[in-house]
Amino acid sequence: MTPDLECVGLVKRFGDTTAVDNVSFSVPPGSFFSILGPSGCGKTTIMRMIAGFLDPTSGDIRIKGGSVLDTPPNKRPVNMVFQHLALFPMMTIAENIGYGLRRRGMGKAEIARKVDEALDRIGLPGIGARKVDELSGGQKQRVAIARCMVLEPDVLLLDEPLGALDLKLREHMKVELKALQAAFDTTFVYITHDQSEALVMSDQIAVMNAGRFEQVGTGQDLYYRPDTPFVAGFIGESNRWKGRIEAVDGGQVQLRTESGLAMRATGAGLAQGARAEIFVRPESIRLASSEDALSGFDNRLQGTVTSLLFNGAASRVLVEDDVGETLEVTLPQSGEFSALKRGDAVHIGWGAGQATCFGAG
Amino acid sequence: MRSQSRIAFYLLLTPLVLWLGLLIVIPHIDMLLISLRERISFGVYDRSLLQYEKALTEPLYLRTFARTAVMSILATAITLIIAFPVAYYIAKMAKGRLQQVLFLLCLIPFYVSELVRTFGWMILLRETGIVSNLLQWTGLADQPVELLYTDATMMVGLVYTSMLFMVVPLVTTLESLDDSVIEAGYDLGGNGFSVLREIIIPHAMPGIVSGCIVVFMLSLGNYLTPTMLGGKDSLWFTEMIYNQFIVRSNWELGAAFGFMLLVLSSVIVWGMLALTGRTLKETMG
């Protein structure tokens, strides 16, 4: 099947700086593709090239198999939901949604019918006569999507559209966006710096850093099997150390961190004596009150609680081990550790499979 | 606390009331009274509408009145047409330093007095002036060309004088238009013309209307430019007011002319607002 959107060897330079450095990817029809990266990594540049507001320095952009490099933005079968939505404040909601249809020269009656249909679809029937500033943030969001979707684009681009919303609404809109995507059955390309938005909604995520794609995969791939140290550090939280490989045993390695903490970890292509970076997620470390409970884990430590970081479901404890290394460990909310306090002795353990290591320089 | 803030309020209000009262309201009431009297003999005056009757029956007065109105509207329209692309370039296309420099370039001519600027035009356009010489040198004209003292020259002068007052409000409103709104206009299938018509101009409407009002009033009340650049036939209404007050010492008719000008500008500004469906509060606030 022809991908809806395909970028091949995309490069964009501004003077001496390379904003996008040889990026290739393809997005299958009807999927939700996210580009995730810190601000300034070049993701907006990619989006603007796809929309046609920037010309790539080299490379090709294909939509449904055909190159669109020579197509101006107003003729491309892609539409964009802007960061601040960019609804037209001088028009009513119905005029906003009907704008693109009017540009296509569609008849008045048909536009009115399509606008009503779109408003029904986004669950806001009957608001057509209202002004843009009479709507709430979430409603504007849905109108901005409807304004694009009435044009039935091949690809819908979304440029951090949830950034301006407050936390509760953002959580709600994540679910809603995914539902809208399924309802419209259109390919969405979504860019964001918020990993939770990308992880919750996407079929495929590309993690971008300094103009390049670090890894493309499903949320699970990125979270459980990061390819690079950047991805391991960027997706989710991690305890990270630098260390040296002491022994290699198949896919597993025995290593020692700079502060002297010994552990078993997973990592490919590493030789004995090589320097490495190790990532262990706080949520993959098991907390226990006795050592017996941890017998199944490759790495076991005893330590003292130095701090409790309460944050509801995401609460953590800081545990200092014998060699003076501090680890962040997720505090289970099952009631077992509700009496835990500073200075308590605890046992912690994690499997070699949960400790990912990469060669470092 | 409350009485204190009230005192502060009145203190702040005083200069405004004094300014309005002493410089605008009182002189205008006096002008109105002067315009409504008729000189019977030395020092003896009578209430009458004679001045207005004269003003509205004498063809020269009426023609000048109408001509001034039409030419001012035309000057406003031409200024808008020239200033809009300039303002758009400064507000939306120029970035950083260039933007400041361009804005400054618009401002610099206003550092010198209007009189000096108008003389500048005369140096350029007179029979022995630079443009005339240039035309002869390139062979486009075989004898000195007089470019002064026509309606077109006067129009050039009026537009030039008013340009800044149109560019500033336009730049301000256009700058407040988010670039992504324009991009969205293109992204959803609009071309340059439809984006201009449906997005940029509606957004810039407050700036357009307030710029037009200011430029119209400046043109209508301009005295120097029509006098110096305009020809024998380009009599401006302000010149007639000047003539009555200073040359003829006929204050009664001059005051009547002054009031007619005030009524004219009010009516046209009101018409302009009504036409664009805006209120004065929206435009100025």
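See above for the structure.
Given the structure is predicted, the values throughout are model-derived calculations rather than measurements. (Residues numbered from 1 in each chain as written. Chains lettered and ligands numbered in written order. Predicted model: local features only at pLDDT ≥ 70, side-chain atom pairs only at ≥ 80, totals over all residues. Heavy atoms only, no water.)

K.L.:
I'm lost on the overall build of chain A in this one. Help?
P.N.:
If you tally the helices and strands in chain A, you get eight helices and 20 strands. When its C-alpha atoms are laid out on the principal axes, chain A stretches across 75 × 45 × 35 Å. Per-residue burial over chain A gives 50% buried out of 361 residues. In chain A, once contacts between residues fewer than 6 apart in sequence are set aside, the share between residues at least 24 apart is 66%. Of the accessible surface of chain A, which amounts to about 15900 Å², a share of 48% is contributed by carbon and sulfur atoms. In chain A, 38 side chains carry a positive charge and 44 a negative one; their mean positions are 6 Å apart. (Helix = DSSP H or I, 4+ residues; strand = E, 2+ residues; numbered from the N terminus. Buried < 20%, exposed > 50% of the residue type's maximum accessible area, 1.4 Å probe, protein only. Contact = heavy atoms within 4.5 Å. Areas by Shrake-Rupley, 256 points an atom, 1.4 Å probe, with all protein chains shown as cover. Lys, Arg positive; Asp, Glu negative; His and termini not counted. Charge placed at Lys NZ, Arg CZ, Asp CG, Glu CD.)

K.L.:
Sorry, what's going on with the interface of chain B and chain A here?
P.N.:
Many descriptions give the size of an interface as the accessible area lost when the pieces come together. Contacts between the two partners involve 18 residues from chain B, matched on the other side by 21 residues from chain A. Note on chain B versus chain A: buried area summed over both sides is about 1700 Å², and carbon and sulfur give 59% of it. Three residues, Asp187, Leu188 and Glu198 of chain B, lead the burial of chain B against chain A; their summed loss comes to 42% of the area buried on that side. Our count for the chain B to chain A interface comes out at three salt bridges. The partner of glutamate 198 of chain B in a salt bridge is arginine 103 of chain A, and the shortest N-O contact between them spans 2.6 Å. Counting every contact that joins chain B to chain A gives eight residue pairs in polar contact (both at pLDDT 80 or more). Every element with two or more residues in the side of chain B that touches chain A is listed here: helix H8 (179-187) and helix H9 (192-220) of chain B. Here the residues of the side of chain B that touches chain A are counted per class, giving seven nonpolar, seven polar and four charged. (Buried area = accessible area lost by both parts, 1.4 Å probe. Salt bridge = Lys/Arg side-chain N within 4 Å of Asp/Glu carboxyl O. Polar contact = N/O pair within 3.5 Å; in protein donor to acceptor, adjacent residues only side chain to side chain. Nonpolar A, V, L, I, M, F, W, Y, C, P; charged D, E, K, R; others polar.)

K.L.:
So what exactly am I meant to see when it comes to the side chain of threonine 186 of chain A here?
P.N.:
Residues and elements named next belong to chain A. Secondary-structure assignment places threonine 186 in the loop between helix H5 (167-184) and strand S8 (187-192). Only 3.1 Å separates the side chain of threonine 186 from the backbone oxygen of phenylalanine 184, close enough to count as a polar contact. What threonine 186 contacts, discounting residues up to four positions off in sequence, is Gly30, Ser31, Met149, Pro153, Asp154, Leu156 and Gln181.

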